[in-house]
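# Observations on the three-dimensional arrangement
Here is what each chain is made of, one letter per residue.
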Amino acid sequence: MWSFKECEPKLLLFKNVTNAGEIRERIMKASLPCAAINPRYVLDTFQVLVATQLAVMSQQNQALRTHSVFSEIVYNMSPTRKISDSLKTFGMNDKDTTLLCVVLNKEDMVLVCSQVKGELENPVKSNFGMCDEEELRKIYKIKEVEMKTVSLSDSIINRISTKEIVTL
């Protein structure tokens, strides 16, 4: 799937984080190169990788809708075009104790790992054990009839990848 050689996205799952407020502040000041996503709304790592690829493509085409490629990743996770709603729902907050960080290269990975005070876990391909599937169905407006023909993951990825051309 990945088509940009200069980027090697890595997903870093941190649990028992004690400095979320500090991390959030550094991300907002662009001094910590990562996207921080609330893993409660991540069903599958592929969902994050699709949002990341869309963000990198937007950056390369000088078509970012947000201020940075990292906020664009969080924005792309959402089915809505409302930037503030996307960042509020899918981004982190000061009291989070679990974070999913997305970095785009190994150097940024080392920096982020050195700054987050928490336990680095291995994110598995699907469901981090904290995903709220019912809430995801509400956020992405996925009806029961749709679930009879495609998986929840496929429905979410479809909405992420077509957000800019389809309005729900």
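Reading guide: rules and limits
Residues numbered from 1 in each chain as written. Predicted model: local features only at pLDDT ≥ 70, side-chain atom pairs only at ≥ 80, totals over all residues. Heavy atoms only, no water. Helix = DSSP H or I, 4+ residues; strand = E, 2+ residues; numbered from the N terminus. Buried < 20%, exposed > 50% of the residue type's maximum accessible area, 1.4 Å probe, protein only. Contact = heavy atoms within 4.5 Å. Core = buried A, V, L, I, M, F, W, Y, C linked by side-chain atoms within 4.5 Å. Axes fitted to C-alpha atoms, helices over the stretch in contact; angles between N-to-C directions. Parallel < 35°, antiparallel > 145°, perpendicular 65-115°, else oblique. Nonpolar A, V, L, I, M, F, W, Y, C, P; charged D, E, K, R; others polar.

Glancing now at the environment of Arg26. When you line up the elements, Arg26 lands in helix α1 (residues 20–28). According to the relative accessible area criterion, Arg26 is partly exposed, its value standing at 21%. When the C-alpha atoms of Arg26 and Leu87 are compared, they prove to be 15 Å apart, with 61 residues separating the residues in sequence. Leaving out residues up to four positions away in the same chain, Arg26 has contacts with Ser31, Leu32 and Gln115.

Let us look at the nonpolar core. Judged by nonpolar contacts, the single largest core of 31 residues is most densely connected at Ile37, Val48, Ile73, Tyr140 and Ile156. Mapped by element, the contributors of at least two residues to this core are β1 (10–15), β2 (35–37), α2 (45–60), α3 (69–77), β3 (99–103), α6 (133–139) and α8 (152–162). Ranked by size, the runner-up nonpolar core spans 14 residues in total, among them Leu12, Phe14, Val17 and Val112.

The next thing to look at is the packing of α2 against α8. Interaxial distance between α2 and α8 falls to 10 Å at its minimum, and their mutual angle equals 5°. Regarding the angle of α2 to α8, the classification is roughly parallel. In contact with Phe46, Gln47, Val50, Ala51 and Leu54 of α2, α8 contributes Ile156, Ile157, Ile160 and Ser161. Here the residues of the contact of α2 with α8 sort into seven nonpolar, two polar and no charged.

Just geometry here; none of it tells us what the structure is for.
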